[in-house]
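Examination of the molecular architecture
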Amino acid sequence: MTATEAMVTEQEPPPPPQSGVRAVLAFLRNTWRGLTAMRTALVLLFLLALAALPGALLPQIALNEPKVAQYITDHGWWGRLLNKLQFFSVYGSVWFSAIYVLLFVSLVGCLLPRTVEYARQSFVQPVITPRNLSRLPHHLRAEFDSTADVDDVAVDVRKQLRGWRLRQDVEDSLAGSSINTAGQGATRVVSLSTERGFLRETGNLVFHFALLGLIVAFAVGKMFMYSGQVIVLANGSEFCNSGVLNYDSFTPGLRVDGTRLDPFCVKINDFQAGYLTNGQPDYYNSNIQYQSGEDLVTNTWQPYDLRENAPLRTAGDRVYLLGHGYAPQFTVTFPDGQVRTGLIQWKPDDTSTMLSEGATKFDPPDVTNTSVLVTKQIAITGLFAPSAAYQDGLLTSTYPGLRNPAVSLDIYQGDLGEDAGTGQSIFTIDQSMLANGRLKQVDKANLTPGQTTKLPDGTTVKFDNVQQWVSLQVSHDPTQVYVLVFALFMLGGLIVSLTVKRRRVWVRVSRTPADDDDQGGRTVVEIGGLARTDQAGYGEEFTRLSARLLDAARGRSPGQAATPTGGKDS
Amino acid sequence: MPVNEMLAQNSQHAYVAAVTIYVLSMFFYLAEAAFGRKAEKTAAEPAKALVTSGGATVTGTTVGPDPDAPVNTGTRGNRPLAERLGRMAVALTVLGAAVHLLSIVLRGLAVHRWPLGNMYEFMSFVCLVAVIAWLIMLQRFQIRRLGAFVLIPVFILMFLGGTVLYTQAEPVQPALQSYWLVIHVTVVSTACGVLLVPGVASVLYLIKGAHERNSAMFMRLGPKLPTQATLDRLAYRTTIFGFPLFTFGVICGAIWAESAWGRFWGWDPKETTAFIAWVVYAAYLHSRATAGWRGNRAAIINVLGFAVMIFNLFFINLVTTGLHSYAGVG
């Protein structure tokens, strides 16, 4: 509708300047109204849920990049289209962001007027007592002999209404009331209007403002967070959080350039894994030492027992023990008697048996001539089993712990292709070098620790022993505490706003006029009740409350009289 | 510590016994519906009463959830057959729940850990919570004839749990050895079980609505159901208990994820689907406060919410691979 209005104003030949401004204002106002309407918020909520769905169903770059690449290759044009439409990074995509920004604006637009209204209502007295209380959903009327003054009765009733927001009025006119006033002139009538459950709106606002806070804290956290992964040998090796290059992989937030990481160092002294007899892991732990802050200057190390579920928290960062594996150590003795030792992590292929594979690569010593170098490079590849067994001559592992370690090696000599300029996996050799014949397999051997095999050119390869490595993750998120605080406020606000009921109770106290044969007349108490939000559960409360009020009005202590009410809930 | 095989065996027997009792109980509910009259038009009009005592006259009117409150029909001996069948059905449900609880406790004792370590155990717990939640709501609403409809999904879930998803009793991997397993998983599965009740109530709400618009639809089922107002209130009152619980469970999960996986939220498939379910239930609560969205639409949203919860339970655990893939199946 607003769009048509705008179009009409555009087409009119002489647009008076004022109407143009007005049209723009109307457009803005209507857009704002439309955006902040509950219906829009509902639709946006659904869109958000729908938009989040692909993130659960499709592989995501942030979680598993190789899987995304695989998916795109497997699905051809469809995969490429999805990629172009940002379906593999849903939570950073333009459309997902658009929805939550709109929802955010809608939320703000909904909250602003409600906050103003809330502030206004906190100072406003409860409404005037309705004339006809018997029209309310909950109603009770009682008449009894008494000489008490209506004001005294009102005082007694008020005592039972502690905690209710209350206003008291003296009504002079009795019009609409069911009391017969004929002939006697106006009798004094006192009415009480009370309200309770204002906390519901408080809780509701707390919930929504905390939600805003949570979203902001989350977004700010994404700006300044970083996390990195690194593999460290568990033999006293150190890792320092001094630069991005120390990591195997590093994910910075938008405002992190990697130059100012929180300085700290860790030293991995050992690693133990406990396994059940069936090979299922039971526990992991690693004794580490760390230094941060002052300790870096004085070079003091603090001990820490790093376990799963128990990260090291230091210098505003957290260090996690994510995984572990084995690193077989090989010593190569070249024909000229020079010795080189290689120790690098192999990656577990099967985490239940820790059968691992990898490639330990060597350059021949003292060779500077590249053309010679590329004929003499050595790669020791194959399988490592912590608890070896052989099936048809093939090495397998029966247990993840180090019971009977062995390696089954394929040793290659030649050009490893490392100067090709492309990055190479540390776990494999470049297969294209094998295919073009520049790298040749020269030996095949099954070794246990201490055993040696000899290559055709006289080089010997010795499997020394095996060490363990741990993979660590370092995480930094400066706002996560705020996110937690906001989340807890959301929960508190939610519980309050869903359990507290807004409800009103009115009491009108009057007297029937004194007759000729009656000295004092009778006291009349009328009680009305209304639940302002969900009706559920208010009936029972009204029954209890009205009985108590009635008892108070009759000058009895509550609970003395039977509760004389209608309905089944007595 | 090794698994106590004898306790594990007995836990399994109790599980089968619980399923059997539930099925039996379901038949009693159905028999009650078959022998009973149509659901009385629940007193929507206010009950009026006039009481005179000791010179005082009191008149009153009240409406509220009270029309739904369980009524004592008749005294012992002169209860109609349907009433007696219904009471037997409830007694059987309570017995089934007790045996079911026993099965879970025995499982925990057998494996020396909190019995929520894999999908079979998770499913069993969700079903127990659903049955207990329904028994609690039974105290407040006149909904006994809905028993069979609550027990049908419970039976299906438990059957799948006991056959396809069954996992031998064994300890859990190190990542799960945390007191957060007890808190997070228990809270989330309790919420899931509680939310089954409004899911069922909302489906029945839609059926009742369809029957009222066109009496040819659901001719046999429609008249036996409570009023739409009762079903709506049942759904709402159970949801406002389940939803904050679910929220709390997700927060606990985030706290645990922070100390186990290095971040409190990482859009893992399970987390994403939990987020979706949360948003859908939030939409349900908003829809009940939005003109034009109450009633049918709200009920559809509630059903959708539970569908997402179940989707999260099955699909995410069994089909996708994420950090939450602890189903122990396959």
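Residues numbered from 1 in each chain as written. Chains lettered and ligands numbered in written order. Predicted model: local features only at pLDDT ≥ 70, side-chain atom pairs only at ≥ 80, totals over all residues. Heavy atoms only, no water.

Brief notes about the overall build of chain A
- Of the regular secondary structure elements, chain A holds 12 helices and 24 strands.
- The 570 residues of chain A split such that 46% are buried.
- Once local pairs closer than 6 in sequence are excluded, the contacts in chain A between residues at least 24 apart make up 66%.
- Put simply, chain A shows about 28,400 Å² of open surface, and 56% of that area lies on carbon and sulfur atoms. (Helix = DSSP H or I, 4+ residues; strand = E, 2+ residues; numbered from the N terminus. Buried < 20%, exposed > 50% of the residue type's maximum accessible area, 1.4 Å probe, protein only. Contact = heavy atoms within 4.5 Å. Areas by Shrake-Rupley, 256 points an atom, 1.4 Å probe, with all protein chains shown as cover.)

Some thoughts on the overall build of chain B
- Regarding its fold elements, chain B presents eight helices and two strands.
- Helices (α) and strands (β) of chain B occur, in sequence order from the N terminus, as α-β-β-α-α-α-α-α-α-α.
- Across the 330 residues in chain B, those meeting the buried criterion constitute 59%.
- At a minimum sequence separation of 6, the contacts of chain B that also span at least 24 residues come to 79%.

Thoughts on the side chain of Ser387(A)
Residue and element names in this part refer to chain A.
- Among the structural elements, serine 387 can be located in the loop between strand S16 (377-385) and strand S17 (388-391).
- For serine 387, the side chain forms a polar contact with the main-chain oxygen of tyrosine 399, separated by 3.3 Å.
- Not counting the four nearest positions on each side in its chain, serine 387 is found in contact with Thr396, Ser397, Thr398, Tyr399, Gly401, Arg403 and Asn404. (Polar contact = N/O pair within 3.5 Å; in protein donor to acceptor, adjacent residues only side chain to side chain.)

Describing helix H1 (residues 5-35) of chain B
- With 31 residues, H1(B) should reach 45 Å at 1.5 Å per residue; the first-to-last C-alpha distance of 45 Å fits that figure.
- For H1(B), the N-terminal capping position is held by Asn4(B), with its side-chain oxygen 3.1 Å away from the main-chain nitrogen of Met6(B). (Expected span 1.5 Å × (residues − 1).)

A short note on the interface of chain B and chain A
- Counting residues at the interface gives 72 residues for chain B, matched by 72 residues for chain A.
- Interface area for chain B against chain A, summed over the two sides, is near 5,700 Å², with a carbon-plus-sulfur share of 64%.
- By the criterion of area lost to chain A, the three top residues of chain B are Pro174(B), Phe264(B) and Trp267(B), representing 11% of everything that side buries.
- Between the two partners, chain B and chain A, sit two salt bridges.
- With a shortest N-O distance of 2.7 Å, Glu258(B) and Arg313(A) are connected by a salt bridge.
- Between the two partners, chain B and chain A, sit eight residue pairs in polar contact (both at pLDDT 80 or more).
- Contributing elements (two or more residues each) for the side of chain B that touches chain A: strand S1 (47-53), strand S2 (56-62), helix H6 (228-260), helix H7 (269-287) and helix H8 (296-318) of chain B.
- Element by element, the count of residues in the side of chain B that touches chain A is highest for H6(B), at 14 residues. (Buried area = accessible area lost by both parts, 1.4 Å probe. Salt bridge = Lys/Arg side-chain N within 4 Å of Asp/Glu carboxyl O.)

So, the sheet that holds strand S14 (residues 347-350) of chain A
All names here are of chain A.
- Strand order in the open sheet made by the five strands is S14-S15-S16-S19-S20, with antiparallel pairing throughout. Each edge of the open sheet carries a strand with a single partner, namely S14 and strand S20 (439-447). Taking the axes of each pair of neighbouring strands and ignoring which way they run, one obtains an average angle of 20° across the sheet. (Pairing = 2+ DSSP bridges. Axes fitted to C-alpha atoms, helices over the stretch in contact; angles between N-to-C directions.)

Description of the pairing of strand S18 (residues 394-397) of chain A
All names here are of chain A.
- Judged from the four bridges that link them, S17 and S18 form a sheet pairing that is antiparallel. Looking at the pairing, tyrosine 390 lines up with leucine 395 of S18.
- Taken together, S17 and the strand that follows it, S18, pair antiparallel across an intervening segment of two residues, in which aspartate 392 is found at a positive phi of about 50°.

Here's the deal with helix H3 (residues 119-140) of chain B
Residue and element names in this part refer to chain B.
- For H3, with 22 residues, the first-to-last C-alpha span of 32 Å sits near the 32 Å given by 1.5 Å per residue.
- Of all the 22 residues making up H3, 18 are buried; the element is thus mostly covered by neighbouring parts of the structure.
- Two or three places before tyrosine 120, at the opening of H3, asparagine 118 has a side-chain oxygen 3.3 Å from that residue's backbone nitrogen.

Side note on the packing of aromatic side chains
- Enumeration over the complete set of coordinates arrives at 28 aromatic pairs over all chains.
- For the ring pair Tyr120(B) and Tyr166(B), a centre distance of 4.7 Å and an interplane angle of 70° mean the geometry is edge-to-face. Here the residue Tyr120(B) occupies a position in helix H3, and Tyr166(B) occupies one in the loop between helix H4 (147-162) and helix H5 (179-213), the gap between them amounting to 46 residues.
- Note on Tyr166(B): relative accessible area 21%, which makes it partly exposed.
- Pairwise contacts between aromatic rings join Tyr91(A), Phe96(A), Tyr100(A), Trp265(B), Trp267(B) and Phe275(B) into one cluster.
- Positioned above the aromatic ring of Trp301(A), the side-chain terminus of Lys267(A) is 4.6 Å from the ring centre.
- Across the ring face of Tyr236(B), the terminal group of Arg288(B) is positioned such that the distance to the ring centre comes to 4.1 Å. (Phe/Tyr/Trp six-rings, centres within 6.5 Å; stacked < 30°, edge-to-face > 60°. Lys NZ or Arg CZ within 6 Å of the ring centre and 35° of its normal.)

Focus: the confidence of the model for chain B
Residues and elements named next belong to chain B.
- Summarising the model, chain B shows a mean pLDDT of 83, and 85% of its residues fall at 70 or more.
- Counted against residues more than four places away or in other chains, residues 38-49, with its pLDDT under 50, gives 26 contacts.
- Across residues 63-67 the pLDDT falls below 50, and counting only partners more than four positions away or on other chains, this stretch makes 20 contacts in the model.
- In the predicted complex, the global pTM is 0.83; the interface-specific ipTM is 0.86. (pLDDT = per-residue confidence, 0-100.)

Here we look at the confidence of the model for chain A
Residue and element names in this part refer to chain A.
- Residues at a pLDDT of 70 or more form 89% of chain A, whose mean pLDDT is 83.
- Element-level pLDDT for chain A is lowest in helix H1 (residues 2-11), with a mean of 40, against a maximum mean of 94 in helix H11 (residues 480-499).
- Confidence over residues 1-12 falls short of pLDDT 50; this stretch has seven contacts with residues more than four positions distant or in other chains.
- A low-confidence stretch, residues 558-570 (pLDDT under 50), is modelled with 28 contacts involving residues beyond four sequence positions or located in other chains.

Some thoughts on unusual backbone geometry
- Residue Ala315(A) is not a glycine yet carries a positive backbone phi of 55°.
- Inspection of the secondary structure puts Ala315(A) in the loop between strand S11 (312-314) and strand S12 (317-333).
- Residue Trp267(B) is not a glycine yet carries a positive backbone phi of 55°.
- With respect to the helices and strands, Trp267(B) occurs in the loop between H6 and H7.

Things to note about the packing of helix H2 (residues 81-111) of chain B against H3(B)
All names here are of chain B.
- One way to put it is that H2 packs onto H3 with a least axis distance of 10 Å and a crossing angle of 150°. The angle between H2 and H3 places the two elements in the roughly antiparallel class. Remark: the crossing between H2 and H3 carries left-handed chirality. In this structure, H2 uses Val90, Thr93, Val94, Ala97, His100, Leu101, Ile104 and Arg107 to contact H3, whose residues at the interface are Tyr120, Glu121, Ser124, Phe125, Cys127, Leu128, Val131, Leu135 and Leu138.
- Partitioned by chemical class, the residues of the contact of H2 with H3 number 12 nonpolar, three polar and two charged. (Parallel < 35°, antiparallel > 145°, perpendicular 65-115°, else oblique. Left-handed = near helix turned anticlockwise from the far one by under 90°. Nonpolar A, V, L, I, M, F, W, Y, C, P; charged D, E, K, R; others polar.)

A look at the pattern of salt bridges
- Under the defined criterion, the tally for this structure stands at 20 salt bridges over all chains.
- Salt-bridge contacts for Asp169(A) lead to Arg167(A); the nearest nitrogen and oxygen are separated by 3.1 Å.
- Of the residues examined, Arg167(A) reaches a relative accessible area of 17% and is grouped as buried.
- Note that Glu83(B) is salt-bridged to Arg87(B), the shortest N-O span being 2.9 Å. Remark: Arg87(B) and Glu83(B) occur in helix H2; sequence separation between them is four residues, near one turn of the helix.
- With relative accessibility at 32%, the residue Arg87(B) sits in the partly exposed group.

Some points on the environment of Asn278(A)
Residue and element names in this part refer to chain A.
- Looking at where asparagine 278 falls in the secondary structure, it is placed in the loop between strand S8 (272-275) and strand S9 (281-292).
- With a relative accessible area of 54%, asparagine 278 lands in the exposed category.
- Between the alpha carbons of asparagine 278 and arginine 313 there is a distance of 34 Å; along the sequence they are 35 residues apart.
- Side-chain polar atoms of asparagine 278 contact the backbone nitrogen of glutamine 280, separated by 2.9 Å.

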